[in-house]
Amino acid sequence: MQAQPLIAVRDVEASSRWYQTVLGCKSGHGGPDYDQLMFEGHMVLQLHRWDAHHHAHLGKADQPVGNGAVLWFWTDDFDDAVDRAAGIDATVLEEPHENRNAQHREIWLRDPEGYVVVIAGPYGDVGM
């Protein structure tokens, strides 16, 4: 089994650019209504415009997004991901730090739509 989370957004193309930059992934579909974000041939996230295709179970665009959900990504290139996030002035909720309980490093971000995004990676020397 492989997770393929889908989030509803107002601007698919802008969100896609943000995730492509921060995660180092590529668009696998493209367009204003829907996109698939791909990393090394695997879909890691789907973006769907709130009012496209009349999906009844996406939620409501006028409600806060992501309450209680965090989009969590693992990368072996943690320092590069931190640099990419800094390069686009991503909103940082928690600076890069060691999470000793989970035995990795992580940075907490907020995407342009308001979702909380965590990028985690192995321990290393840079930024620690």
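For the structure itself, consult the block above.
Here the structure is a predicted model, which means the values were calculated and not measured.

Criteria and cut-off values
- Residues numbered from 1 in each chain as written.
- Predicted model: local features only at pLDDT ≥ 70, side-chain atom pairs only at ≥ 80, totals over all residues.
- Heavy atoms only, no water.
- Core = buried A, V, L, I, M, F, W, Y, C linked by side-chain atoms within 4.5 Å.
- Buried < 20%, exposed > 50% of the residue type's maximum accessible area, 1.4 Å probe, protein only.
- Helix = DSSP H or I, 4+ residues; strand = E, 2+ residues; numbered from the N terminus.
- Contact = heavy atoms within 4.5 Å.
- Pairing = 2+ DSSP bridges.
- Axes fitted to C-alpha atoms, helices over the stretch in contact; angles between N-to-C directions.
- Parallel < 35°, antiparallel > 145°, perpendicular 65-115°, else oblique.
- Nonpolar A, V, L, I, M, F, W, Y, C, P; charged D, E, K, R; others polar.

Okay, the nonpolar core next. Among the nonpolar cores identified, the biggest contains 26 residues, and Tyr19, Leu109, Tyr115 and Ile119 are the most heavily contacted of them. Those elements that place two or more of their residues in this core are strand E1 (6-9), helix H1 (12-23), strand E4 (42-49), strand E5 (70-74), helix H2 (78-87), strand E7 (104-110) and strand E8 (116-121). A total of 5 residues in this core trace back to one element, the largest contributor, which is H1. Not counting residues up to four positions away in its chain, the partners in contact with Leu109 are Trp18, Val22, Ala85, Ala90, Thr91, Val92, Leu93, Tyr115, Val116, Val117 and Ile119.

Below, the discussion takes up the pairing of strand E3 (residues 34-39). Sheet analysis places strand E2 (residues 26-27) next to E3, joined by 2 bridges and oriented antiparallel. Its bridge partner being in E3, Lys26 is matched across the sheet by Met38. What sits between the antiparallel neighbours E2 and E3 is a turn of 6 residues, in which Gly30 has the positive phi angle 80 degrees. By the bridge criterion, 6 bridges tie E3 to E4 in an arrangement that is antiparallel. Each residue of the ladder has a partner; that of Tyr34, found in E4, is His48. With antiparallel pairing between neighbouring strands as the criterion, E3 and E4 make up a hairpin whose turn holds 2 residues, including Glu40 at a positive phi of roughly 50 degrees.

For sheets, the rule is that strands pair by backbone hydrogen bonds, running either parallel or antiparallel. Ordered by their spatial adjacency, 4 strands build an open sheet running E1-E4-E3-E2, and the pairing between neighbours is mixed. What marks the edges here is a single partner per strand, and that holds for E1 and E2. This element, H1, spans E1, E2, E3 and E4 of the sheet and lies at about 10 degrees to E3.

This part takes up the packing of H1 against H2. Running from amino to carboxyl end, H1 crosses H2 at an angle of 140 degrees, the nearest separation of the two axes being 7 Å. When the axis of H1 is compared with that of H2, the two are oblique. Touching Thr21, Val22 and Leu23 of H1 are Ala81, Arg84 and Ala85, all from H2. Each residue belonging to the contact of H1 with H2 can be placed in one class, and the counts come to 4 nonpolar, 1 polar and 1 charged.

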